[in-house]
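Read off the chains here:
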Amino acid sequence: KRKAVHDFLLNPRSSKIATVWHSVDILFICVSIAFLIMETDPVLKDHFTDKRDPYYNAIYGINAFVISFFTIDLVLRFLTWPTFLSFWKNIFNILDILSILPFYVGLIADLTDGNPAIDAMSDTEMDQMGKRYVVLRVCRIFRIIRIFKFVRHSQDLILIVRVVVHAKKELGLLVILLGIFTITFGSIMYYVEHEVNDQFNSIMQGCWWSIVTITTVGYGEVVPSTPGGKFVGSVVLTLGIVFLALPMTIIVSKFSSVYEKEKGDSKD
């Protein structure tokens, strides 16, 4: 029975009920992400945050129901997982825990919040409240992780994740080269420009300009003004094209070979 439930939760093709369960899961993921986006809209924000708003209770109830479904799914997977240690080694399980954590942290905060008068608080109480709201804000960021729940429902996306893991050496090489180029030319641009150009007031600012230029994005909000700076900018722009072209051929070749291998293994 344990294995049957485990297959039911992980394989939508195991039964018709499993297909319905996974379809509902995908629907609720979409609803959760939609709520996350709409909550930041100035016009709709009060519906999600103001308890006096007429739509607040309905929206909160839907959100609570969705999180309850995610929680039940996660608990069942935990109880039916082959081993305790392997459950925690699975990155998707960790992401699922982080995605529902903000709701329960916020719920606990609401239940323990006595709403005392600000003027009556001691300095220690004020400090504790400030720390609590910082924790809440950090936890709210974790809600973005819910979008990664889609990966569990797509074998192709899982396959791409595996390919990226196999190509980590090549991707690491790209990151290292990008870091070397960014710091080198960011530092050069700072020393060339900082005395006459306030836009390059630190090496960090120079690195920002450097990485934007190397990747050929070129926002244009930070630009060199001296002849020397413009020369360095021309060199960085030219090298950026070469820098992106050479490692990419290696990465694409590796990516293609690993993708075909993984795809063949998955079919077997």
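Residues numbered from 1 in each chain as written. Predicted model: local features only at pLDDT ≥ 70, side-chain atom pairs only at ≥ 80, totals over all residues. Heavy atoms only, no water.

Provide a residue-level description of helix α10 (residues 203–214), including the pertinent values.
Each turn of an α-helix holds 3.6 residues, which means side chains three or four residues apart point in the same direction. With 12 residues, α10 ought to run about 16 Å at 1.5 Å a step, and its terminal C-alpha atoms sit 16 Å apart, in line with that. For α10, the complete set of buried residues consists of Gly 206, Cys 207, Trp 209, Ser 210, Val 212, Thr 213 and Ile 214. Immediately downstream of α10, the backbone of Thr 216 shows phi near 60°, a positive value. (Helix = DSSP H or I, 4+ residues; strand = E, 2+ residues; numbered from the N terminus. Expected span 1.5 Å × (residues − 1). Buried < 20%, exposed > 50% of the residue type's maximum accessible area, 1.4 Å probe, protein only.)

So, the confidence of the model for the protein: which residues are in play, and what are the values?
Across the protein, the average pLDDT comes to 82, with 88% of residues at 70 or higher. Mean pLDDT values over the elements of the protein span from 58, in helix α7 (residues 123–141), up to 92, in helix α4 (residues 56–80). Within the model, the stretch residues 115–123 combines pLDDT values under 50 with six contacts to residues more than four positions away or in other chains. (pLDDT = per-residue confidence, 0-100. Contact = heavy atoms within 4.5 Å.)

Tell me about a nonpolar patch on the surface, and please be specific about residues and values.
The grouping of Val 75, Phe 78, Leu 79, Phe 84 and Trp 88 at the surface amounts to a nonpolar patch, some 500 Å² of accessible area in total. For the nonpolar patch, the leading source of residues is α4, giving three residues. Looking at where Phe 78 falls in the secondary structure, it is placed in helix α4. Using a relative accessible area of 33% as the deciding quantity, one classes Phe 78 as partly exposed. (Patch = residues over 30% accessible without salt bridge, like charges linked within 9 Å, V, L, I, M, F, W, Y side chains within 5 Å. Areas by Shrake-Rupley, 256 points an atom, 1.4 Å probe, with all protein chains shown as cover. Salt bridge = Lys/Arg side-chain N within 4 Å of Asp/Glu carboxyl O.)

Talk me through the layout of surface pockets; I want residue IDs and the actual numbers.
Estimates place the volume of the second largest pocket at around 500 Å³. Taken together, 18 residues make up the lining of the second largest pocket; nearest its centre are Leu 10, Pro 12, Arg 152, Gln 155 and Ile 158. For the lining of the second largest pocket, the secondary-structure elements that each account for two or more residues are α1 (2–10), α2 (16–38), α6 (91–112) and α8 (155–166). In terms of residue count, the dominant contributor to the lining of the second largest pocket is α8 (three residues). Partitioning the lining of the second largest pocket into residue classes produces seven nonpolar, seven polar and four charged. (1 Å grid on protein atoms, 1.4 Å probe; cavity = no way out; pocket = protein on both sides within 12 Å on 5 of 7 lines; lining within 4 Å. Points joined across faces, edges and corners; volume = space filled by probe spheres on them. Nonpolar A, V, L, I, M, F, W, Y, C, P; charged D, E, K, R; others polar.)

Got a sec to walk through the pattern of salt bridges? Specific residues and values, please.
Scanning all chains against the criterion turns up six salt bridges. A salt bridge links Lys 149 to Asp 96; the nearest nitrogen and oxygen atoms lie 3.2 Å apart. Of this pair, Lys 149 sits in the loop between α7 and α8 while Asp 96 sits in helix α6, placing them 53 residues apart in sequence. Judged by relative accessible area, which is 3%, Asp 96 ranks as buried.

I'd like a description of the packing of aromatic side chains, backed by residues and values.
Enumeration over the complete set of coordinates arrives at 18 aromatic pairs. Ring centres of Phe 28 and Phe 65 lie 5.7 Å apart, and the angle between their planes is 80°; this geometry places the pair in the edge-to-face category. With Phe 28 in helix α2 and Phe 65 in helix α4, this pair connects stretches of sequence that are 37 residues apart. For Phe 65, a relative accessible area of 54% gives the class exposed. (Phe/Tyr/Trp six-rings, centres within 6.5 Å; stacked < 30°, edge-to-face > 60°.)

Summarise the environment of Tyr 104; cite the residues concerned and give the values.
For Tyr 104, the position within the fold is in helix α6. Owing to a relative accessible area of 29%, Tyr 104 belongs among the partly exposed residues under this scheme. Along the sequence, Tyr 104 and Ala 64 sit 40 residues apart, while their C-alpha atoms lie 9.7 Å from each other. Ignoring anything within four residues of it in the chain, the contact list for Tyr 104 reads Ile 67 and Thr 71. A distance of 2.6 Å separates polar atoms of two side chains, one belonging to Tyr 104 and the other to Thr 71. (Polar contact = N/O pair within 3.5 Å; in protein donor to acceptor, adjacent residues only side chain to side chain.)

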